[in-house]
Amino acid sequence: MTRVLLTITLVFSIFCSFACVQKGANTSTSTTTGDTIKVGVYGDLTGQTSSFGQSTKNGIELAVEEINAGGGVNGKKIQLVIEDDQGRPEQAKTVVSKLISQDKVQAVLGEVASTNSLAAAPVAQEAKIPMITPSSTNPKVTEVGDYISRVCFIDPFQGSVMAKFAANTLKAKTAAILGDVNSDYSKGLTQFFEEEFTKLGGKLVAKEAYTQTDPDFKGQLTKIRNLKPDVIYIPGYYGQVGIIAKQARELDMTMPLLGGDGWDSPEIWKLGGDSLKNTFISNHYSAENPAPEIQNFVKAYKAKFNVEPDSLAALAYDAAKVLADAIKRAGGTDSVKLKDAINSTKDFAGVTGKITIDKTRNAVKPAVVLELDPASSKLKFKETISPEGSAPAANTGSNTNTAAAANSNK
Amino acid sequence: MDTFVQQLINGLTIGSIYALIALGYTMVYGILRLINFAHGDIYMVGAYAGFILATSLGFASEPSAFGFVVTLVGSMAIAAAIGMAIERFAYRPVRKFSKMTTLITAIGMSLLIEYLFVFIFSGTPRSFPQLLPNSNITLFGNATISTSQILIFAVSILLMILLQWIIFKTKIGKAMRAVSFNINSAKLMGINTDFVIAFTFALGSALAAAGGVLTAQYNPKIEPLMGIMTGLKAFVAAVLGGIGNIPGAVLGGLLIGAAETLVVGYGSTIGIPSTYRDAVAFAILIIVLLVRPAGLLGSNVQEKV
């Protein structure tokens, strides 16, 4: 009997000590009052890419706090209903259904990962509830229907930005791609990087793939190493990318590694460390930008959450502000009027640049290229690259202040 | 040539981890004829135990050999205790029932551990601290090996030698061999079979935990579901080597690791995309079951009734 008791105590104490180190869990707000506008938020608050979900939630909360402190929208306060989809597409679909049918939200904000937005968007479209994704960059997301829009640029642009940067700035002649085979985001970036890089006269020497559950990436990297590309494009998420960079450096591969906004997470420094030297990503904004609206946002965010806002937080902040602005212009939350108001957003001054929703409900904005600096765990601004045939970088609030920016714009 | 050597090093690194886990599958099967599906999750538990030890004892900030050894041994001890507890409370009560009952219990146990950890730690991956400084060593040409890989090889070999010594040179090892030969006779000869079985679980769990900590040094991201795929592959490794056979588990682990890495490296030349690395292990499982069900080193005798 004593042995049984001892074992129980032992097991119990082990689990208790595990529980002690656990970080505070997330809860969703669910008080209902009369004069509020309910807005649903869904994201990966836990799971493989949870830093994305957390940043997004923070950005939205900061924006809503500011809006409510300023008297709300049309005299009504915004109330958030936040759901965790664990980064799983099927779960994203379920929680958005729940937000719309049970919580009766009037608009939905989310998701970061394109795969998850694509799973949930048809639900919102079907129910005629406007959905704004802060940061899903795959073109297919807004093609779901007229109730779905976004405040970020899309993959063709992001993929081609890095191709241009590789060919023009880094003078790369050859490139290899190592992409995530299960992610719509990664597949999109791969396709458009390849197209643009080939168009600019570069040669793609290898196209390799990995899955998120791979135990290591050295197999693919060794294969790429043999072909000696000038750069490697790794359009993936920070969880894998940090380790890919580490393992590439272990294989003595010193060439620049390029990526997209999926790398942007404070977690990447812990996973990749010094291996992240000589890596560059395309992104939505730079926290280093001295423009006052950006610095005010950075300051408010830091004061509230004690971390530097990544681009996903900035986009989420913008998405919430765009939604509030549209509700104001629509004079309420009638779903047709609200949708039209969102879709006719023009020159909205956001932290991540001037936001104009085009006829395919995408925001047309320039991208910035940032260099990762493991010594300071910061993203250093390199240059701005504008979308062709659209507004020049000069009229985008966020990125006008550097000489480098002016030089690199066509 | 150096590319092939490099791929082989890559493959054998993961293979060693599979081998460490496969040993637990094979020992438990050898003694109880039970496939302990929760074993892959013990590998994850080991990684988390190491993470907690390293961060709470302050080894995370400063790499040191002492910190690594304490973390490794500590997490092995914790996993051994948890392994014994699982055996005591989940498997022993159903041991007398049909094989199907114990198998279902094992699957249930696996899900319980996975989602208990999701509940406690959330599904968010954690980054495992670097406990020893990592650097590269160039072997020849382009072939390099990192110190974290050498660590995996060295610790795995050391533990396997230790295991071999326990099984063949100690009294408890003799008892384990007797129980695996015939559990009822062993009991009649005065062997405390309950204790031997608990000890087997402890041993297997400790090895899996070592695999977890070593992997976390090499690939510093841990999450509650990391044991599923790795555990399945280690199980395939055990079957490939001949389940119940200890050297077979090591051989199977190394072969599976090498096979999947070579598929990534050279598969596309024979038309197998590199993302089929997971499929390779299961293709091997099917082929082994069809061609040589006893596995490579398993003896091809009829099972005793």
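The notes below deal with the structure included here. (Residues numbered from 1 in each chain as written. Chains lettered and ligands numbered in written order. Predicted model: local features only at pLDDT ≥ 70, side-chain atom pairs only at ≥ 80, totals over all residues. Heavy atoms only, no water.)

**Topic: the overall build of chain A**
Assigned secondary structure in chain A consists of 14 helices and 14 strands. Classification of the 410 residues of chain A by burial places 60% in the buried group. (Helix = DSSP H or I, 4+ residues; strand = E, 2+ residues; numbered from the N terminus. Buried < 20%, exposed > 50% of the residue type's maximum accessible area, 1.4 Å probe, protein only.)

**Comments concerning the overall build of chain B**
Scanning chain B for helices and strands turns up 11 helices and 4 strands. In summary, chain B has a C-alpha radius of gyration of 19 Å against a globular reference of 19 Å for 305 residues, a match within 12%. Seen along its three principal axes, the alpha-carbon backbone of chain B occupies a region of about 60 × 50 × 40 Å. When each of the 305 residues of chain B is scored for burial, the buried share is 58%. A sequence separation of at least 24 residues applies to 76% of the contacts in chain B between residues at least 6 apart. About 12600 Å² of surface is accessible on chain B, with carbon and sulfur atoms providing 72% of the total. Side-chain charges of chain B comprise 17 positive and 10 negative groups, with the mean position of each set lying 15 Å from the other. (Rg over C-alpha atoms; globule rule 2.2 N^0.38 Å. Contact = heavy atoms within 4.5 Å. Areas by Shrake-Rupley, 256 points an atom, 1.4 Å probe, with all protein chains shown as cover. Lys, Arg positive; Asp, Glu negative; His and termini not counted. Charge placed at Lys NZ, Arg CZ, Asp CG, Glu CD.)

**Here we look at the pattern of salt bridges**
With the rule as written, the count across this model stands at 27 salt bridges over all chains. Linking Arg92(B) and Glu87(B) is a salt bridge whose minimum nitrogen-to-oxygen distance equals 3.2 Å. Of the charged contacts in the structure, one is a salt bridge between Glu87(B) and Arg95(B), with a shortest N-O distance of 2.8 Å. Counted as one network, the salt bridges with shared partners bring together Asp214(A), Asp216(A), Lys233(B), Glu260(B), Arg277(B) and Asp278(B). (Salt bridge = Lys/Arg side-chain N within 4 Å of Asp/Glu carboxyl O.)

**Let's talk about the sheet that holds strand S1 (residues 36-43) of chain A**
Residue and element names in this part refer to chain A. Reading across from one edge, S2-S1-S3-S4-S5 is the order of the 5 strands in this open sheet, with parallel pairing throughout. Strands at the two margins of the open sheet, each flanked by one partner only, are strand S2 (77-84) and strand S5 (148-150). Averaged over all adjacent pairs, the angle separating strand axes in this sheet is 25 degrees, with direction ignored. Judged from the 2 bridges that link them, strand S3 (residues 107-109) and strand S4 (residues 131-133) form a sheet pairing that is parallel. Looking across to S4, one finds that Val108 is bridged to Met131. Strands S1, S4 and S5 of the sheet are contacted by helix H4 (residues 114-127), whose axis makes an angle of about 165 degrees with S4. (Pairing = 2+ DSSP bridges. Axes fitted to C-alpha atoms, helices over the stretch in contact; angles between N-to-C directions.)

**Thoughts on the pairing of strand S6 (residues 174-180) of chain A**
Successive residues of a regular strand alternate their side chains across the two faces of the sheet. Residues and elements named next belong to chain A. The buried fraction of S6 amounts to 7 of the 7 residues, a majority that puts the element mostly inside the structure. Along S6, one buried face is formed by Thr174, Ala176, Leu178 and Asp180 and the opposite face, lined by Ala175, Ile177 and Gly179, is buried too. In terms of strand pairing, S6 meets strand S7 (residues 203-210) through 7 bridges, oriented parallel. Each residue of the ladder has a partner; that of Asp180, found in S7, is Tyr210. In this region the chain leaves S6, passes through helix H7 (residues 184-199) and returns to the parallel neighbour S7; the handedness of that crossover is right-handed. (Right-handed = clockwise from strand over helix to strand, strands pointing away.)

**Looking at the sheet that holds strand S13 (residues 367-373) of chain A**
As a general point, the strands of a sheet are linked pairwise by backbone hydrogen bonds and lie either parallel or antiparallel. Residue and element names in this part refer to chain A. Spatial ordering of the open sheet is given by S7-S6-S8-S9-S10-S13-S14, a layout of 7 strands whose pairing is mixed. The sheet is open, and its two borders are formed by S7 and strand S14 (378-385), each paired with just one other strand. Adjacent strand axes in the sheet meet at a mean angle of 25 degrees, parallel and antiparallel pairs treated alike. Here strand S8 (residues 231-233) pairs with strand S9 (residues 257-259) via 2 bridges, running parallel. Along S9, the bridge assignment pairs Ile232 with Leu257.

**Some details on the packing of aromatic side chains**
For any pair of aromatic rings, the description consists of the separation of the ring centres together with the inter-plane angle of the planes. Under the counting rule described, the total for this entry stands at 22 aromatic pairs over all chains. Connected via pairs of aromatic rings, a cluster forms that spans Tyr285(A), Phe297(A), Tyr301(A), Phe305(A) and Tyr317(A). Above the plane of the ring of Tyr147(A) lies Lys339(A), whose end atom (NZ or CZ) is 5.0 Å from the centre. The ring of Phe89(B) has Arg88(B) lying over it, and the distance from NZ or CZ to the ring centre is 5.7 Å. (Phe/Tyr/Trp six-rings, centres within 6.5 Å; stacked < 30°, edge-to-face > 60°. Lys NZ or Arg CZ within 6 Å of the ring centre and 35° of its normal.)

**Regarding helix H2 (residues 39-56) of chain B**
All names here are of chain B. With 18 residues, H2 extends 26 Å between its outermost C-alpha atoms, agreeing within 8% with the 26 Å of an ideal straight helix rising 1.5 Å per residue. With 16 of 18 residues buried, H2 lies mostly within the body of the structure. Gly58 sits one or two positions beyond H2 and adopts a positive phi of about 80 degrees. (Expected span 1.5 Å × (residues − 1).)

**So, the interface of chain A and chain B**
With 45 residues of chain A at the contact, the number on the chain B side is 49 residues. For the chain A and chain B pair, buried surface summed over both sides reaches about 3800 Å², with 55% attributable to carbon and sulfur atoms. Summed over the shared surface of chain A and chain B, the result is 2 salt bridges. Here Asp214(A) and Arg277(B) are joined by a salt bridge, their closest N and O atoms 3.7 Å apart. In this assembly, chain A and chain B are joined by 22 residue pairs in polar contact (both at pLDDT 80 or more). Among the elements that line the side of chain A that touches chain B, the one with the most residues is helix H1 (residues 2-20) of chain A, at 9 residues. Classifying every residue of the side of chain A that touches chain B gives 17 nonpolar, 16 polar and 12 charged. (Buried area = accessible area lost by both parts, 1.4 Å probe. Polar contact = N/O pair within 3.5 Å; in protein donor to acceptor, adjacent residues only side chain to side chain. Nonpolar A, V, L, I, M, F, W, Y, C, P; charged D, E, K, R; others polar.)

**Describing the packing of H2(B) against helix H8 (residues 193-218) of chain B**
Residues and elements named next belong to chain B. Taken N-terminus to C-terminus, the directions of H2 and H8 make an angle of 55 degrees; their axes are 7 Å apart at the nearest point. One element, H2, and the other, H8, form an angle in the oblique class. As H2 packs across H8, the resulting crossing turns out to be right-handed. Contact residues: His39, Ile42, Tyr43, Gly46, Ala47 and Gly50 in H2; Gly204, Ser205, Ala208, Ala209, Gly211, Gly212, Val213 and Thr215 in H8. (Parallel < 35°, antiparallel > 145°, perpendicular 65-115°, else oblique. Left-handed = near helix turned anticlockwise from the far one by under 90°.)

**Here's the deal with the side chain of Asp216(A)**
Tracing the backbone shows Asp216(A) in the loop between S7 and helix H8 (218-227). The exposure class assigned to Asp216(A) is buried, which follows from its relative accessible area of 0%. For Asp216(A), the residues in contact, after removing those within four places along its chain, are Gln247(A), Asn10(B), Ile14(B), Tyr218(B), Asn219(B) and Arg277(B).

**Side note on the side chain of Asp44(A)**
Residues and elements named next belong to chain A. For Asp44, the location among the structural elements is in the loop between S1 and helix H2 (50-69). One buried charge, Asp44, has no salt-bridge partner; the nearest side chain with opposite charge is Arg88, at 11 Å. For Asp44, the side chain forms a polar contact with the main-chain nitrogen of Gly53, separated by 3.1 Å. Among all residues touching Asp44, those that are not within four sequence positions of it are Thr49, Ser50, Phe52, Gly53, Gln54, Asp84, Asp85, Gln86, Gly87 and Glu111.

**Some thoughts on the nonpolar core**
Core analysis: the biggest nonpolar cluster contains 89 residues, and Phe68(B), Tyr91(B) and Ile113(B) have the highest contact counts within it. A total of 14 residues in this core trace back to one element, the largest contributor, which is H8(B). Contact partners of Tyr91(B), with chain neighbours within four places excluded, come to Leu34(B), Asn36(B), Ala38(B), Ile86(B), Thr105(B), Ala106(B), Met109(B) and Phe201(B). Ranked by size, the runner-up nonpolar core spans 56 residues in total, among them Ala166(A), Tyr237(A), Ala245(A) and Leu312(A). (Core = buried A, V, L, I, M, F, W, Y, C linked by side-chain atoms within 4.5 Å.)

**Regarding the packing of H8(A) against helix H1 (residues 2-32) of chain B**
When two helices pack together, their arrangement is captured by the angle between the axes and the distance separating the axes. Running from N to C, H8(A) and H1(B) cross one another at 170 degrees; their axes reach a closest spacing of 9 Å. Judged on the interaxial angle alone, H1(B) and H8(A) are roughly antiparallel. Judged by the sense of rotation from one axis to the other, the crossing of H8(A) with H1(B) is right-handed. Taken together, the residues of H1(B) that come into contact with H8(A) (itself represented by Lys218(A), Gly219(A), Thr222(A), Lys223(A), Arg225(A) and Asn226(A)) are Thr3(B), Gln6(B), Gln7(B) and Asn10(B). The residue makeup of the contact of H8(A) with H1(B), split by class, is no nonpolar, 7 polar and 3 charged.

**A word on a nonpolar patch on the surface**
Residue and element names in this part refer to chain B. Residues Met1, Ile137, Leu139, Phe140 and Ile150 make up a contiguous nonpolar surface patch of roughly 480 Å² in combined accessible area. A per-element tally of the nonpolar patch places strand S2 (residues 136-140) first, with 3 residues. Note on placement: Leu139 falls in strand S2. (Patch = residues over 30% accessible without salt bridge, like charges linked within 9 Å, V, L, I, M, F, W, Y side chains within 5 Å.)

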